[in-house]
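# What the coordinates show
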Amino acid sequence: MKKRTFLKTSSAIVIGSFLAPFASCIPMKEKVIRKNWAGNLKYSTDRLHLPKTVEEVQELVKNCDKLRVLGSRHCFNNIADSTENQISTKYFDQVVALDEDSNKVTVEAGMSYGQLGPYLHEKGYALHNLASLPHISIAGACATATHGSGVSNGNLPTAVSAMEFINAAGDVVTLSREKDGEKFAGAVVGLGALGVVTKLTLDIQPTFNMRQDVYQYLPLEELENNFDKIVSSGYSVSLFTDWKTDKVNQVWIKRKIEDDAAFEAKQEFFGARLATRNVHPILELSAENCTEQMGVSGPWYDRLPHFRMDFTPSSGKELQTEYFVPRKYAMDAFNALTDLNKQLAPLLMISEVRTIKEDDLWMSPCYKEPSVVFHFTWEQDWDALKKLLPIIEKELEPFEIRPHWGKMFTVSPARLETLYKKLPNFLELITEYDPNGKFRNEYIQKNIFSS
């Protein structure tokens, strides 16, 4: 049963299992086939560089005509691909500084959220949000506007208050929210087009514990009538559905313990029933690799994600698509997708619906719009999916959908141009830091410059 692969692929990422030794811009003697973590994409070059210092990054950038940065390999499209050179910040995985006076932490770009979370918690701090997988690199997540959930929670890059990167000339560039205003807002979700990010400074807050409760079989009528109440019922809320029935399969509600010290989960939630055991988003799969549910208290870094950091299978097969819709269109978009249920069914493994707060980051799908995100995990059949995605995108087009930059989509560059009002400014920013296109690849040329 192919759905069983979702347990593996949605639970972890192995970083660098195909990584080659550090080298200059001379090809390696033996061809090394490297793939993204899901295995659907083979990278187009065997030249992968693994610098260990900023100076080595600078030297590489100066000596290579073309290169792209490779993060934790969790992107499903070719955003990180290159036909000439890739550079990995795998060894940039340390905390640089913890500033307790200003509530900020500075980390190297290759560090994962799963590494940073326990460190911060031990020091008495937390991040405001996390994605469903803790294994992704911080820089990669921020560069692609990866998000997490919560009506009052911005996506992951909204925590960035300063950044350091190496531009096309090999120079160290530092930008901050405080000093660089709009230019900083344009650079944070940079899509790897401005340079090689080496450090990020993140806003932090006092640590907190959370509980997670799951409800099953929420009637669609209740969702229609009470959408805002349902998605606002916790610090972070996720709806899982397969679009097959008149019910949402599961509602995952993550609450701060300190806000609900005497809280006891009710047996019923808008017609849904409280789960009596830990569950996986696909009910027939084991929940052993999911973060603890049943109201059991735990630190924020072990409840905000859906899956545990300590489960790391080597690979898995799936494709992912994700569309952001302004929250004002939430139920219109939901109902439109429900009407497509028969077309979705042959490829769909599971869908997740989440909310994200608006932000001011130029290339964020949540720019100036509180958003709802429709996520799809598909069987790994790109030939079939590339026929289905235009149907979905056409159905959702009236609702101003913006695709996740790191996942599968067929939205045209011309359409993207109409959706991102700051795209002309972003093009100017790219030209400032990379005038000759050193960091441009097929993906950037098509989706950003073709528009």
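The text that follows walks through the structure, step by step, so that each part is easy to find. Quantities reported herein were computed from a predicted structural model and do not represent experimental measurements.

About the cut-offs
- Residues numbered from 1 in each chain as written.
- Predicted model: local features only at pLDDT ≥ 70, side-chain atom pairs only at ≥ 80, totals over all residues.
- Heavy atoms only, no water.
- Phe/Tyr/Trp six-rings, centres within 6.5 Å; stacked < 30°, edge-to-face > 60°.
- Helix = DSSP H or I, 4+ residues; strand = E, 2+ residues; numbered from the N terminus.
- Buried < 20%, exposed > 50% of the residue type's maximum accessible area, 1.4 Å probe, protein only.
- Salt bridge = Lys/Arg side-chain N within 4 Å of Asp/Glu carboxyl O.
- Pairing = 2+ DSSP bridges.
- Axes fitted to C-alpha atoms, helices over the stretch in contact; angles between N-to-C directions.
- Parallel < 35°, antiparallel > 145°, perpendicular 65-115°, else oblique.
- Left-handed = near helix turned anticlockwise from the far one by under 90°.
- Contact = heavy atoms within 4.5 Å.
- Nonpolar A, V, L, I, M, F, W, Y, C, P; charged D, E, K, R; others polar.

All right, on to the packing of aromatic side chains then. Per the stated rule, a full pass over the model turns up 15 aromatic pairs. Each ring, one from Trp37 and one from Phe76, has its centre 6.2 Å from the other, and the planes form 75 degrees; the classification is edge-to-face. Residue Trp37 is located in the loop between helix 1 (5-9) and strand 1 (48-49), and its partner Phe76 is located in the loop between strand 2 (68-70) and strand 3 (86-88); the two are separated by 39 residues in the primary sequence. Between Trp405 and Tyr420, the ring centres sit 5.1 Å apart and the planes meet at 40 degrees, which makes this aromatic pair tilted. Of this pair, Trp405 sits in the loop between strand 20 (402-403) and helix 10 (413-419) while Tyr420 sits in the loop between helix 10 and helix 11 (423-433), and the two are 15 residues apart along the sequence. Across the pair, exposure class does not vary: Trp405 and Tyr420 are buried alike. Taken together, the ring pairs connect Trp243, Tyr323, Phe334, Phe374, Phe376 and Trp378 into an aromatic cluster.

This paragraph deals with the pattern of salt bridges. The final tally for this structure, using the stated rule, is 17 salt bridges. Where Glu432 meets Lys183, a salt bridge forms, and the shortest distance between an N and an O atom there is 2.8 Å. Here Glu432, found in helix 11, pairs with Lys183, found in helix 5 (residues 177-187); they are 249 residues apart in sequence, far enough to count as distant. In this structure, Glu322 and Lys407 form a salt bridge, with 3.1 Å as the shortest nitrogen-oxygen distance. Of this pair, Glu322 sits in strand 17 (residues 319-326) while Lys407 sits in the loop between strand 20 and helix 10, and the two are 85 residues apart along the sequence. The exposure class assigned to Lys407 is buried, which follows from its relative accessible area of 9%.

Strands belonging to one sheet form pairs held by backbone hydrogen bonds; the direction of such a pair is parallel or antiparallel. The strand order 1-3-2 describes an open sheet built from 3 strands, whose pairing is parallel. Strands with a single pairing partner mark the edges of an open sheet, and in this sheet they are strand 1 and strand 2. The pairing of strand 2 with strand 3 spans 3 bridges and is classified as parallel. Each residue of the ladder has a partner; that of Val69, found in strand 3, is Ile87.

What follows concerns the packing of helix 6 (residues 220-231) against helix 7 (residues 330-338). Look at helix 6 against helix 7: their axes get within 10 Å of each other, and the N-to-C directions meet at 160 degrees. The angle between the axes of helix 6 and helix 7 places the two elements in the roughly antiparallel class. Considering only the axes of helix 6 and helix 7, their crossing is left-handed. On helix 7, the residues that touch Leu220, Leu223, Glu224 and Phe227 of helix 6 are Ala330, Met331, Phe334, Asn335 and Thr338. By residue class, the composition of the contact of helix 6 with helix 7 is 6 nonpolar, 2 polar and 1 charged.

This is a description of form; function is not addressed.
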